Amino acid sequence: MIKFLDLHKINQRFEVDFQAKFKTFIDSGHYILGHGVATFETEFANYCGTKYAIGVGNGLDAITLILKAYMALGELQKGDEVLVPANTYIASILGIIQADLIPVFVEPDLDTYNISIADVKRKITTKTKAVLVVHLYGQLANMDAIQQFAGSNNLLIIEDAAQAHGATYKDNRRAGNLGNAAAFSFYPAKNLGALGDAGAVTTNNTQLAQTIKMLSNYGTTSKYVNKLAGCNSRLDEIQALFLSVKLKQLDTDNDFRRKVANQYLSKVKNNKIILPLCTESKSHVFHLFVVRVNKKEEFMSYLLKHNIETLNHYPIPPHKQDALRGFNHLKLPITEQIHNTVVSLPISPVMSNDDVNYLINVLNTY
Ligand SMILES: *Cc1c(COP(=O)(O)O)cnc(C)c1O
């Protein structure tokens, strides 16, 4: 069986280093916000090219905390509208709702699956104050157009970079450094994944960074002094230590993912399978390799019959979920078309060449 993603195989590569870190961790006697978190924050900020990285509990909290910090700073108000692509993972939408802001669902482009500038222009109102761009499946959104539009309409740009660690724009800036602030998730399956829940915010804004740091730790400025009504969403010390080990491997792993993707892109020739469009090679880190087919269930069971595991990202769009009943009436035909036809193929930094070739053969005989 070719697994969709073999997390054990991915992490096995670091086992010796993880064990050394764990020993350091136990011996330190300092289990919350210790040296490991501070070190990883510096390393991750350097990697992204930002002044700050603030470790938080997970990716959803990273999104929520950015928005709540802007509210605490008076730059966003309760009820302001945030533009967001409709075909994202539900966390992007929930982060906006949890911060008492209003998500405005924007259609994606059918070729890149990223937010459509044309639809952004249709959906903006006088209440729109921010755009939450999602670099979906690992490919950066069209940031030139978004920056231009946001600049002329005074909108904050927030990146949901949970799928795009290391993706590099054509001007060499990385995901996390392409807007006012960015949210990362280190959920185990992400390109940079912890061994549990973890997340971070990156930004160049000093005030925002301080506010997020404060909010994520009970609104604390110094021990037992609380300036804001914050929450508890700290990056776990042991996860930070593991992440420092894995960060060193991220570029190599992303290169490997791109190599696998390029094989699929050049060797899969089947007009029943629509391959993804990759606009600039370095701007895609192929967190997922997503194809579209007319008969999704049939295609997935065909692959399973040939011992290939696939997944759907995502079977139901957020606006059609019971959890978001207030948005169920929205008509988003491109988003719905995408959700009805997408299938994610196995891709990872530990796939063997034989697996890739086998997959290509099976795809070409579908
Ligand atoms: C994974 C993911 C998140 C949420 O991350 P968690 O760490 O699971 O909270 C948010 N947005 C996108 C696009 C994601 O893929």
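What counts and how
- Residues numbered from 1 in each chain as written.
- Predicted model: local features only at pLDDT ≥ 70, side-chain atom pairs only at ≥ 80, totals over all residues.
- Heavy atoms only, no water.
- Salt bridge = Lys/Arg side-chain N within 4 Å of Asp/Glu carboxyl O.
- Helix = DSSP H or I, 4+ residues; strand = E, 2+ residues; numbered from the N terminus.
- Buried < 20%, exposed > 50% of the residue type's maximum accessible area, 1.4 Å probe, protein only.
- Core = buried A, V, L, I, M, F, W, Y, C linked by side-chain atoms within 4.5 Å.
- Contact = heavy atoms within 4.5 Å.
- Domains from an automatic or database assignment.
- Buried area = accessible area lost by both parts, 1.4 Å probe.
- Polar contact = N/O pair within 3.5 Å; in protein donor to acceptor, adjacent residues only side chain to side chain.
- UniProt positions renumbered as here; feature names shortened; annotations may be inferred.
- Patch = residues over 30% accessible without salt bridge, like charges linked within 9 Å, V, L, I, M, F, W, Y side chains within 5 Å.
- Areas by Shrake-Rupley, 256 points an atom, 1.4 Å probe, with all protein chains shown as cover.
- Near = heavy atom within 4 Å.
- 1 Å grid on protein atoms, 1.4 Å probe; cavity = no way out; pocket = protein on both sides within 12 Å on 5 of 7 lines; lining within 4 Å.
- Sits in = over half its atoms within 2 Å of the grid points.
- Nonpolar A, V, L, I, M, F, W, Y, C, P; charged D, E, K, R; others polar.
- Pairing = 2+ DSSP bridges.
- Axes fitted to C-alpha atoms, helices over the stretch in contact; angles between N-to-C directions.

## Here's the deal with the pattern of salt bridges
- For the structure shown, the criterion picks out 11 salt bridges.
- The partner of Arg258 in a salt bridge is Asp255, with the nearest N and O atoms 2.9 Å apart. With a gap of 3 residues between them, Arg258 and Asp255 both fall in helix H10 (residues 250-267), about one helical turn apart.
- With a shortest N-O distance of 3.7 Å, Arg325 and Asp322 are connected by a salt bridge.
- The exposure class of Arg325 is exposed, given its relative accessible area of 57%.
- Look at Asp322 and you get exposed, because its relative accessible area is 56%.
- Each of Asp119, Arg122 and Lys123 takes part in salt bridges that share partners, so that together they form one network.

## Some words on the nonpolar core
- The biggest cluster of nonpolar side chains holds 43 residues, and the ones touching the most others in it are Phe40, Phe44, Ile146 and Phe186.
- No other element matches helix H3 (residues 35-48), which puts 6 residues into this core.
- Ile146 has contacts with Ile115, Ile117, Val131, Val133, Ala141 and Ile157, leaving out every residue within four places of it along the chain.
- Residues Ile54, Ile66, Ala69 and Val82 belong to the second largest nonpolar core, which totals 33 residues.

## Quick word on the domain arrangement of the protein chain
- Taken domain by domain, the protein chain holds domain 1 (7-243) and domain 2 (250-365).
- Each side of the interface is counted separately: domain 1 has 37 residues, and domain 2 has 38 residues.
- Buried surface at the junction of domain 1 and domain 2, summed over both partners, amounts to about 3,400 Å²; 61% is from carbon and sulfur atoms.
- Put simply, domain 1 and domain 2 have 2 salt bridges between them.
- Across the contact surface, domain 1 and domain 2 share 21 residue pairs in polar contact (both at pLDDT 80 or more).

## Observations regarding the UniProt feature "modified residue: N6-(pyridoxal phosphate)lysine" (unreviewed entry) in the protein chain
- Under the present numbering, the feature "modified residue: N6-(pyridoxal phosphate)lysine" (unreviewed entry) in UniProt falls on Lys190.
- Counting through the fold element by element, Lys190 comes out in the loop between strand S6 (181-185) and strand S7 (199-203).
- When its relative accessible area of 16% is taken as the criterion, Lys190 is described as buried.
- Not counting the four nearest positions on each side in its chain, Lys190 is found in contact with Ala162, His165, Ser185 and His287.

## Overview of a nonpolar patch on the surface
- Together, Phe22, Ile26, Tyr31, Ile32 and Leu33 line one region of the surface with nonpolar side chains, adding up to about 430 Å² of accessible area.
- By the secondary structure assignment, Leu33 is in the loop between helix H2 (15-28) and H3.

## Observations regarding the site of the ligand
- Taken together, Asn58, Gly59, Leu60, Tyr89, Ala91, Val134, Asp160, Ala162, Gln163, Ser185 and Lys190 are the residues near the ligand.
- Leu60 is positioned with one of its backbone polar atoms (N or O) 2.9 Å from an oxygen atom of the ligand.
- Note that an oxygen atom of the ligand is positioned 2.6 Å from one of the side-chain N or O atoms of Ser185.
- When atoms are counted within 2 Å of each cavity's grid points, the one that captures over half of the ligand is the largest pocket.
- A breakdown of the residues in the shell around the ligand according to their chemical character gives 5 nonpolar, 4 polar and 2 charged.

## Some details on the sheet that holds S6
- Read from one edge of the open sheet, 7 strands run S1-S7-S6-S5-S4-S2-S3, paired in mixed fashion. Each edge of the open sheet is held by one strand with a lone partner, namely strand S1 (52-56) and strand S3 (102-106). The average angle at which neighbouring strand axes cross in this sheet is 25°, direction not considered.
- When strand S4 (residues 128-134) meets strand S5 (residues 156-160), the two strands line up parallel, connected through 5 bridges.

## A closer look at the side chain of Gln139
- Tracing the backbone shows Gln139 in the loop between S4 and helix H7 (143-153).
- In this view, Gln139 contacts Thr112, Asn114, Leu277, Cys278, Thr279, Glu280, Ser283 and His284; residues no more than four positions away in its chain are not counted.

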